[in-house]
Amino acid sequence: MKKKISQVVIKRMPRYYRYLSELLEKGTERISSAELSEIMNVTASQIRQDLNNFGGFGQQGYGYNVQYLHDEIGKILGLDQVHNLIIIGGGNLGHALASHQTFHKHGFFVKGIFDVNEKLAGQEVNGAKIMMMSELDTFVKSNKIDIAALTIPKEHVQEIANHLQDLGIKALWNFANVDLTVREDVVVQDVHLSDSLMRLTLNMIQNQARNQENE
């Protein structure tokens, strides 16, 4: 991708894919930017601008072919490829991620789970074996691992992230409540669950305040 795409646009692309998937399930073959705008609560102009970053995909007077646009956005998101993933942390969150049923559908395969708790060694979660951290280096070197999910305490996450980078892993999915420092060629996607919950309560409080003003 030659053109640098803003993070705001990148954040919207999975939403496009999700809504287009739902349209396909309903049997919708064609949709205009105005119709897609109503579904997604994004202006038609913004939709056209977003998609023009990647080539457009629409035809004037026709709109978008839903199957084609769905497939093309899937390619943009890398869903036409297989991505091997490991999980660092075999606790409740690690179990939940490994058990997620839609990962395989989108080409994400959990190849292994790693922990320091010897009681977990040898257990399997949705076909992924829990191994000890001492086995990590050999496993990563002998398997093409694209992504590492970090579901460990924040006290250890930067150290583990540094080691994963040394092993050549270029993408970190960070569930620890801490901001990581990484090399320029490594990407991080942070999932701060508490931040998300606090944004929810802030929006709830603001909504309640607006309702009170209108009473």
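Calculation rules
- Residues numbered from 1 in each chain as written.
- Predicted model: local features only at pLDDT ≥ 70, side-chain atom pairs only at ≥ 80, totals over all residues.
- Heavy atoms only, no water.
- Helix = DSSP H or I, 4+ residues; strand = E, 2+ residues; numbered from the N terminus.
- Buried < 20%, exposed > 50% of the residue type's maximum accessible area, 1.4 Å probe, protein only.
- Contact = heavy atoms within 4.5 Å.
- Areas by Shrake-Rupley, 256 points an atom, 1.4 Å probe, with all protein chains shown as cover.
- Axes fitted to C-alpha atoms, helices over the stretch in contact; angles between N-to-C directions.
- Parallel < 35°, antiparallel > 145°, perpendicular 65-115°, else oblique.
- Nonpolar A, V, L, I, M, F, W, Y, C, P; charged D, E, K, R; others polar.
- Phe/Tyr/Trp six-rings, centres within 6.5 Å; stacked < 30°, edge-to-face > 60°.
- Polar contact = N/O pair within 3.5 Å; in protein donor to acceptor, adjacent residues only side chain to side chain.
- Salt bridge = Lys/Arg side-chain N within 4 Å of Asp/Glu carboxyl O.
- Arc of directions from axis to C-beta.

A.B. asks: With reference to specific residues and values, describe the overall build of the protein chain.
C.D. replies: When helices and strands are tallied, the protein chain shows eight helices and nine strands. With the principal axes as the frame, the protein chain shows a C-alpha extent of 60 × 45 × 35 Å. The proportion of buried residues among the 215 residues of the protein chain is 39%. Of all intrachain contacts in the protein chain linking residues separated by at least 6 positions in sequence, the fraction that spans at least 24 positions is 54%. Total accessible area on the protein chain is roughly 13,500 Å²; 50% of this is exposed by carbon and sulfur atoms.

A.B. asks: Lay out the packing of helix 1 (residues 7-25) against helix 3 (residues 44-52) with the relevant residues and their values.
C.D. replies: With their axes 11 Å apart at the nearest point, helix 1 and helix 3 run at an angle of 105° to one another. With respect to helix 3, the element helix 1 is oriented roughly perpendicular. Residue-level inspection shows V9, R12, M13 and Y16 of helix 1 in contact with helix 3, the latter providing Q46, I47, D50 and L51. Counted by class, the contact of helix 1 with helix 3 contains five nonpolar, one polar and two charged residues.

A.B. asks: Can you explain the packing of aromatic side chains? Please cite residues and give values.
C.D. replies: The tally for this structure, following the rule as stated, stands at four aromatic pairs. Between F114 and F139 the ring centres are 5.4 Å apart and the planes differ by 65°, which places this aromatic pair in the edge-to-face class. On the criterion of sequence distance, the pair formed by F114 in strand 4 (residues 108-115) and F139 in helix 6 (residues 136-142) is long-range, its members being 25 residues apart. Each member of the pair, F114 as well as F139, is classed as buried. Here the aromatic cluster, defined as three or more aromatic residues joined through ring pairs, consists of F103, W173 and F175.

A.B. asks: Help me get a handle on the side chain of D146, residues and values and all.
C.D. replies: Mapped onto the elements of the fold, D146 is located in the loop between helix 6 and strand 7 (147-150). Only 2.9 Å separates the side chain of D146 from the side chain of K144, close enough to count as a polar contact. Once residues within four sequence positions are removed from consideration, D146 is found in contact with V82, H83, N84, I169, K170 and A171.

A.B. asks: Describe the pattern of salt bridges, with residues and values.
C.D. replies: Should their charged atoms come close, side chains of opposite charge can pair. Following the criterion strictly, the structure yields five salt bridges and no others. A salt bridge links K75 to E72; the nearest nitrogen and oxygen atoms lie 3.3 Å apart. Of the two residues, K75 and E72 both sit in helix 4 (residues 66-76), three residues apart, roughly one turn of that helix.

A.B. asks: Please give an account of helix 4 that cites residues and values.
C.D. replies: Among the residues of helix 4, those classed as buried are V66, L69, H70, E72, I73 and G74. Turning to helix 4, the residues buried within the fold contact helix 1, strand 1 (30-31), helix 3 and strand 2 (64-65). A distance of 3.1 Å separates the backbone nitrogen of Q67 from a side-chain oxygen at the start of helix 4, and that oxygen is part of N65. With its phi angle positive at about 80°, G78 sits one or two positions after the end of helix 4.

A.B. asks: Got a sec to walk through helix 2 (residues 33-40)? Specific residues and values, please.
C.D. replies: All of the buried residues along helix 2 are S33, L36, S37 and M40. The buried side chains of helix 2 occupy one side of the element, clustering within an arc of 110° when seen end-on. Tucked into the core, helix 2 has its buried residues touching helix 1, strand 1, helix 3 and strand 2. Note on helix 2: the residue one or two positions beyond its end, N41, has a positive phi of about 60°.

A.B. asks: A description of the environment of S45 should follow, citing residues and the corresponding values.
C.D. replies: Looking at where S45 falls in the secondary structure, it is placed in helix 3. Put simply, S45 and A161 are 116 residues apart on the chain and 40 Å apart in space, counted from C-alpha to C-alpha.

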